[in-house]
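Fold and contact review
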Amino acid sequence: MTNPYEAPAGGLPPQTRILTGRAKFTNSYAVIPKLVHADIVTTRFPFWEESRSWVLARPLSGFAETFSQYIMEVLPGGGSDQPEPEQGAEAVLFVLEGGLSLTLNSDVHALVPGSYVYVAPGAAWQLRNLTDEKANFIWIRKEYQSVSEIPAPASFVTHEDMVAPISMPDTDGKWSTTRFVNPDDVAHDMHVNIVNFEPGGVIPFAETHVMEHGLYVLEGKAVYRLNTDWLEVEAGDFLWLRAFCPQACYAGGPNRFRYLLYKDVNRHPKLKL
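Residues numbered from 1 in each chain as written. Predicted model: local features only at pLDDT ≥ 70, side-chain atom pairs only at ≥ 80, totals over all residues. Heavy atoms only, no water.

1. Some words on the nonpolar core
Core analysis: the largest hydrophobic core is formed by 30 residues, its most contacted members being Phe94, Leu96, Ile138, Val192, Tyr216, Leu218 and Trp240. What leucine 96 contacts, discounting residues up to four positions off in sequence, is Asn3, Tyr5, Glu6, Ala7, Ile71, Pro113, Asn136, Phe137, Ile138, Tyr216 and Leu218. Core analysis: the next-biggest nonpolar cluster, separate from the first, contains 23 residues, Leu231, Val233, Ala248 and Phe257 among them. (Core = buried A, V, L, I, M, F, W, Y, C linked by side-chain atoms within 4.5 Å. Buried < 20%, exposed > 50% of the residue type's maximum accessible area, 1.4 Å probe, protein only. Contact = heavy atoms within 4.5 Å.)

2. Focus: the sheet that holds strand 20 (residues 247-251)
Read from one edge of the open sheet, four strands run 15-20-17-18, paired in antiparallel fashion. Of all strands in the sheet, those bounded by a partner on one side alone are strand 15 (202-207) and strand 18 (229-234). The sheet shows a mean angle of 20 degrees between the axes of neighbouring strands, direction not considered. (Pairing = 2+ DSSP bridges. Helix = DSSP H or I, 4+ residues; strand = E, 2+ residues; numbered from the N terminus. Axes fitted to C-alpha atoms, helices over the stretch in contact; angles between N-to-C directions.)

3. Quick word on the environment of proline 183
Relative to the elements of secondary structure, proline 183 occurs in the loop between strand 13 (175-178) and strand 14 (190-197). Overall, the relative accessible area of 38% leaves proline 183 in the partly exposed class. Separated by 110 residues in the primary sequence, proline 183 and glutamate 73 place their C-alpha atoms 31 Å from one another. Discounting residues that sit within four places of it in the chain, proline 183 has contacts with His191 and Asn266.

4. Thoughts on the pairing of strand 14
Within a regular strand, side chains alternate between the sheet's two faces. Counting buried residues in strand 14 gives eight out of eight residues, a clear majority hidden from the surface. Two strands pair when backbone bridges link them, and strand 13 and strand 14 are joined in this way by four bridges, in the antiparallel orientation. Within strand 14, the residue paired with threonine 178 across the bridge is isoleucine 194.

5. Some details on the pattern of salt bridges
Enumeration over the complete set of coordinates arrives at 15 salt bridges. Residues arginine 22 and glutamate 234 are paired through a salt bridge, measuring 3.4 Å at the closest nitrogen-oxygen approach. Pair noted here: arginine 22 is in the segment before strand 1 (24-25) and glutamate 234 is in strand 18, with a separation of 212 residues, a long-range link. Classification of arginine 22 as partly exposed rests on a relative accessible area of 34%. Here glutamate 234 falls in the partly exposed class, since its relative accessible area comes to 31%. In this structure, aspartate 229 and lysine 24 form a salt bridge, with 3.3 Å as the shortest nitrogen-oxygen distance. Here lysine 24 lies in strand 1 and aspartate 229 lies in strand 18, a separation of 205 residues in the sequence. Members of the salt-bridge network, linked through shared partners, are Asp39, Arg52, Glu73 and Lys134. (Salt bridge = Lys/Arg side-chain N within 4 Å of Asp/Glu carboxyl O.)

6. Considerations on the packing of aromatic side chains
Across all of its chains, the model carries 19 aromatic pairs by this definition. These aromatic residues form a ring-pair network of at least three members: Phe45, Trp48, Tyr70, Trp125, Phe137 and Trp139. Residue placement shows arginine 141 over the ring face of tryptophan 139; its charged tip is 5.9 Å from the ring centre. (Phe/Tyr/Trp six-rings, centres within 6.5 Å; stacked < 30°, edge-to-face > 60°. Lys NZ or Arg CZ within 6 Å of the ring centre and 35° of its normal.)

7. Regarding the side chain of glutamate 207
Relative to the helices and strands, glutamate 207 resides in strand 15. No salt bridge is formed by the buried glutamate 207. Its closest oppositely charged neighbour is lysine 263, at 6.8 Å. Only 3.5 Å separates the side chain of glutamate 207 from the side chain of histidine 209, close enough to count as a polar contact. When residues no more than four places from it in sequence are discounted, the contact partners of glutamate 207 are Trp175, Cys245, Pro246 and Gln247. (Lys, Arg positive; Asp, Glu negative; His and termini not counted. Polar contact = N/O pair within 3.5 Å; in protein donor to acceptor, adjacent residues only side chain to side chain.)

8. Thoughts on unusual backbone geometry
Across the junction of glycine 253 and proline 254, the peptide omega takes the value 5 degrees, indicating a cis bond. Mapped onto the secondary structure, proline 254 falls in the loop between strand 20 and strand 21 (257-264). A positive phi angle is found at serine 106, which is not glycine, with a value near 80 degrees. Within the element layout of this structure, serine 106 appears in the loop between strand 6 (100-104) and strand 7 (107-111).

9. Structural notes on the pairing of strand 13
Burial of the side chains of strand 13 extends over both faces: Trp175 and Thr177 are buried on one face and Ser176 and Thr178 on the other. Where strand 12 (residues 166-167) lies against strand 13, two bridges are found, and the strand directions are antiparallel. In the sheet register, serine 167 faces strand 13, and the bridge partner there is serine 176.

10. Some words on the sheet that holds strand 2 (residues 29-32)
Pairing is antiparallel in the open sheet, where eight strands are placed in the order 1-2-19-16-21-14-13-12. Every interior strand has two partners, whereas the edge strands, strand 1 and strand 12, have only one. Where strand 16 (residues 213-219) and strand 21 come together, six bridges link them in antiparallel fashion. Bridged to glycine 214 within strand 21 is tyrosine 262.

Remember, this is a structural readout, not a statement about activity or role.
Written as structure tokens, this is what we have:
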């Protein structure tokens with residue numbers, strides 16, 4: 001079966017390849033193209049076997065400070081019984097390729113491409129690749145900001161096929177969002193959604209807002225505006241936006257353009273750092 005999402009192939013570009021590329025880091029955004037996901041930029045984590053990661057984002061003073069985001073590759077037999085090193089962290093896992101077995105608060109779940117997991121702060125979980133092929137998944141981590149008298153949200157497992165996309169007003173379905181969490185539920189302090197554009201769909205204004213973004217392109221291609229620059233992006237690219245960076249896009253076709261989007265929500269900005 002053809003894999004529905006772009007995942008890193010690893011390896012190393014040949015010596016004959018020219019150096020010119022699309023990677024870019026500015027004071028308001030970064031672009032990490034899929035070509036950058038080579039073997040020499042991976043890292044290994046303690047207590048993870050037969051696994052490696054591409055770290056796409058990390059809290060960075062003066063840039064984006066609320067989250068970290070990885071692409072994890074887990075080979076057959078690999079995984080972890082101690083995946084999360086920080087007690088107060090919450091997480092979202094989204095499977096790009098292959099199959100994984102998740103144990104979450106003693107319940108076992110079979111994950112496939114498109115599976116979405118919210119791991120509540122303090123939840124016990126383990127992850128294993130029990131198949132004969134490698135698996136890749138997105139791992140987004142955030143320190144949960146608790147609020148007095150509002151219980152933290154519960155963990156859950158779902159699949160994108162089980163969540164109907166919600167069309168944006170007056171777009172005839174060309175721009176929609178697959179929302180895994182009710183936006184009115186203020187127990188959640190982050191949203192990780194899938195944004196969907198049919199060919200010709202657009203964000204028709206430069207969004208400028210307090211939320212930081214991590215944006216992993218799952219499918220297709222587009223011309224994306226970041227601050228004052230228009231850049232071509234495609235499946236496998238990662239965009240990292242600090243707060244208030246203007247953004248917009250045109251979906252380029254011929255197929256749909258889709259990305260997994262992180263943003264911090266539902267909390268007052270801290271007045272003391």
